[in-house]
Structures are given as C-alpha cells and as structure tokens.
Amino acid sequence: MQTRLLASIVFSLILSACLQFDLNWVDAQTRQSRSARTTSARTTNKQIAQIVREIDGRNIEKTIRKLVSFGTRNTLSEQNNPNRGVGAARDWLYAEFSRAAEQSGGRMTVEKQSFLQPKAARVPEPTMLTNIVATLKGTQPESEARTYVVSGHYDSMCTSPTDAKCDAPGANDDASGTAAVLEMARVMAKYEFEATIVFMTVAGEEQGLLGSTYFAEQAKQKHTDVEAMFTNDIIGSSLGGNGVHDPVTVRVFSEGVPSNESPEEANTRRGVGGENDSASRQLARFIKETCQRYVPGMRVMMVYRRDRYLRGGDHIPFLERGFAAVRFTEPNEDYRHQHQNVRIENGVQYGDLPQYDDFNYIANVARINAAALAALASAPARPKNAAVVTTRLTNDTELKWDANKEPDLAGYEIVWRETTSPVWTNTRAVGKVTSFTIKGMSKDNFFFAVRALDTLGNRSPVSFPRPVR
Ligand SMILES: [Zn+2]
C-alpha cells in the first residue's frame, strides 16, 4: 500500500514537472489519448487546443498576488478605499476584465452587477454587493441565447466571516478560482464561439452564496438559457493537509438527483432509475472527456455528490433553480489554510497565503475549464425533449427528440452504457433524424442518451431521455 502511494506521488511529481516545462507534451498526449478513445474517433478542434496552450500560470500568479495585496476582500469590508478591502478588489477586477474585453471586437461586455443585500445571517447591516460579469456574446444567431457561465468568488474571510478588519488573504479561497476565470476571459475574448460564455467573479460567497444567488435568480426571472455553470472554488493547491501531493487531479462535484426534481420526476426515477443521470452529471462526464482530449496530463476525478461535507458553493443556487452546474476543487484540502486568521501557533503557519498555491496547477485547472467551455460553446445545443417511448413491452429501444435549429448541424449520435458503468461506453451515429429505434437492445438493460454534432465534429453533452407514452 505504502509503496503504491509513494509510486503514485513520484509519478505525480514527474508528470507535473513535464507539464511545467513542455506544453508540446500535452499535444503529444492529446493524439495518444484520442486514438485510445472508446466512444468514437473525433477530430481535434484546433481553436480549443490553441486556447489551452495560451493559458499562462504567470498571469494567474500575478492576479492572485494582486488580490492578496488588498489585505482583505471580506464582503463587509471597505468599499471606497482603493488599496484595501472588497471595493479595491471589485474595481481592479472590473478594470482587468474590461482590458480583456478590448480584444473581443465589441463582443465582450463587462458589467458591475450591484445589488443591496438585506440583513442576513452573516450580513449584520444592509450591504451593497457587486458581481463582475463579463459576457462574450455568441456569434451564431441560433445559439447566442445559449449561455455557459464560469465563476469564482473574489470575497474572502478570516476565522470569523463577519470580521471585516482582519487580514484575509484568500489566496486559495478563492483568489485561485477568480484568477482562473480572469485568465480564461483574457485568452478567450479574442476567439469566436457560437454560444455565449459568461466569465464571472462574485462577492458574498462566504456570507451565504449571496452574489451567485442574485445572478442565478436574475437569470431565472429573465428566462436566460443557462445551459451550464462551473464554479471554481479552492483550486489553488496540489498539496493536501494529509501530506498527499497530487498536481494532476481536480475534483468535479456533480449532483445525481436534481435539487429541483419534481415529485413526478422522483416517481419515475424510483421506477426505472436515472439517479446517476442528471444534467449536471452529464456535464461532469462531458468535462472529463474534454479533459482527456485537450489536457491529457490532468485527470478529472468525478465526485458523485453535490459538494463536500459541511460545505456548499456557488453552483448550488443554480442547481436549485434548475440549471446544470458543477464545482471544481483541488483533490486534497488543507484546512490550516482556509478560513483562518493568519498566525503561527505551536510552530504551525495558519492562513490562506500565496506560498501554498501551486500556480501551474491552477493554470491546468483553468485549461480544463476553458477547453470544456469552448467545446460547449462551439457545439450544438443538447437535444431538447429527449424521450424513450414506452407504449408497449418490447426488446427494442425507441428514442425521439426535438430537431436542433443550428444551420451547421450534422446530425445526432445515440450513446449507451451498462447501467453500472460510470461513463458512456458506446456511440452510434444515426444521421439527421429526430427518432431512432435500436433493434434488439432493451432499454431495461442499458442507459441510452442522445447528443447533437455539427459539421466540424463538435458534440453537445448528452440528453438523458424521459419516458413517454
Ligand atoms: Zn470558497
């Protein structure tokens, strides 16, 4: 057991050194992993590979050190001091996203989304909160309303969430996620995508997910088609409090049973399964597959739960409103460096300080995010109203779905797996149709789903069918 652990740590170290010094290695691995794919042979999207190459850990380090220099970013801290407090961070981020937007030819707009938060458990007085929201508009008229959101929270806390004066560097929680989102915006602003991508940094996470709740509620009220949301929270360190150094793994948390499941949907799920097939779980699988293709030196560890014990993140307000959402977090956390006053106690350094960040690791997590976002926003929408027809008992499986409307649509693929498999294992192209019967394969024995692909080979996440009569 110990030898195995040691071997895996040594392997991890070698892998991380490679990643640091030779990005061409990533390309070589991309080709290798592509040939090993089981679900289907695919062409590489050159734009996505280019985006992955352009993400730079040095920019991420600069952003984190700048955010830490504001002393604290507690949501209740000073709003009008240019050097210290949450207001300084807000204005600096707004300026940086605006600079990124300059390369977009007017397609990226940056907004300060401000609102007055009433008194709440961790908000003793009504307080103005501001999310920085950079929207890169999609270029295909049929897809521009389809929106993908990537987020990190720029607020921070020390031991007490309501202490607005203490130093709260928040280098990992969550300058790491904030810096990753800013770097993605900087790199991706100059590229065109068919669908819209929102690069967001929110406040009030430590006060109770307040900034993300506001954004998600606005999106729901405006009927914004948020097809997916990623939160990046605590993606900063490759060394855990358990002593394990793992710079190649990132956890992606996805819920199985939807937070907003209706009683009817729950009945169906109890009858024929589906607890492992929420839209968020399909998103996690899509991210894992995209990582294998474009950032093959890294590994997505899917975690089949909404979040960690005793914790919750900014994806939850989205899930509660029916949007698919996942959380990215480092593989092993160190609780001495989260939510702690900066101090030395019995020779142990506490506090969320930048020396515990691994900037190259954060860059790799940003690469996985960017590749997945670019893949989503380049592909057609997932097919709507996917259904499995259940009018009679049969050993065949009949699926149907609504037609996609993208002009570059090439057709659809049906995927399936055994009911105990964590990922889709088989693919069958079925052409430009809106129904298909798989002869001799029983829907009782496999899970099926359908996805759309365009003429360049970009594929949507899958839609898991609901039973219809
Ligand atoms: Zn956090």
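Just so you know, these numbers come straight off a predicted model, no measurement behind them.

Undergrad: Can you break down the nonpolar core residue by residue, with the values?
TA: Judged by nonpolar contacts, the single largest core of 80 residues is most densely connected at F97, M184, M188, F199, F230, I287 and F328. Excluding residues within four positions of it along the chain, M188 makes contact with I51, L136, F193, I197, F199, A370, L373 and A374. Within the second largest apolar cluster, 15 residues are counted, among which are M441, F448, V450 and A452.

Undergrad: An account of the confidence of the model for the protein chain is needed here, citing residue identities and associated values.
TA: The share of residues in the protein chain with pLDDT of 70 or more is 91%, and the mean pLDDT across the chain is 93. Predicted confidence is poor over residues 15-41, with pLDDT under 50, and the contacts of this stretch with residues over four places away or in other chains come to 41 contacts.

Undergrad: Quick rundown of the coordination of the zinc ion? Include the residues and the values.
TA: Those protein atoms acting as donors to the zinc ion are H153 (NE2), D173 (OD), D233 (OD) and D233 (OD), and they sit at 2.0 to 2.6 Å. Considering all four donor atoms around the zinc ion, the spread of angles at the metal, 53 to 145°, places the coordination shape in the irregular class. Site description for the zinc ion: donor spacing in sequence, H-x19-D-x59-D. Taken together, the residues span a long stretch of sequence, with D173 in the loop between strand 3 (146-153) and helix 6 (175-188) and D233 in the loop between strand 5 (225-232) and strand 6 (249-253) at a distance of 60 residues. The two residues D173 and D233 agree in class, both being buried.

Undergrad: Please provide a residue-by-residue account of unusual backbone geometry, values included.
TA: A cis amide bond links D173 to the next residue, D174, at an omega of 5°. Counting through the fold element by element, D174 comes out in the loop between strand 3 and helix 6. Notably, I234 is not glycine yet its phi reads approximately 65°, a positive angle. As for its placement among the helices and strands, I234 is situated in the loop between strand 5 and strand 6. Classification of I234 by relative accessible area gives buried; the value is 1%. Despite not being glycine, N385 shows a phi value in the positive range, around 55°.

What counts as what
Residues numbered from 1 in each chain as written. Predicted model: local features only at pLDDT ≥ 70, side-chain atom pairs only at ≥ 80, totals over all residues. Heavy atoms only, no water. Core = buried A, V, L, I, M, F, W, Y, C linked by side-chain atoms within 4.5 Å. Buried < 20%, exposed > 50% of the residue type's maximum accessible area, 1.4 Å probe, protein only. Contact = heavy atoms within 4.5 Å. pLDDT = per-residue confidence, 0-100. Donors = N, O, S within 2.8 Å, 3.2 Å for Na, K, Ca; no water. Tetrahedral: all angles 85-135°; square planar, octahedral: opposite > 155°, others 65-115°. Helix = DSSP H or I, 4+ residues; strand = E, 2+ residues; numbered from the N terminus.

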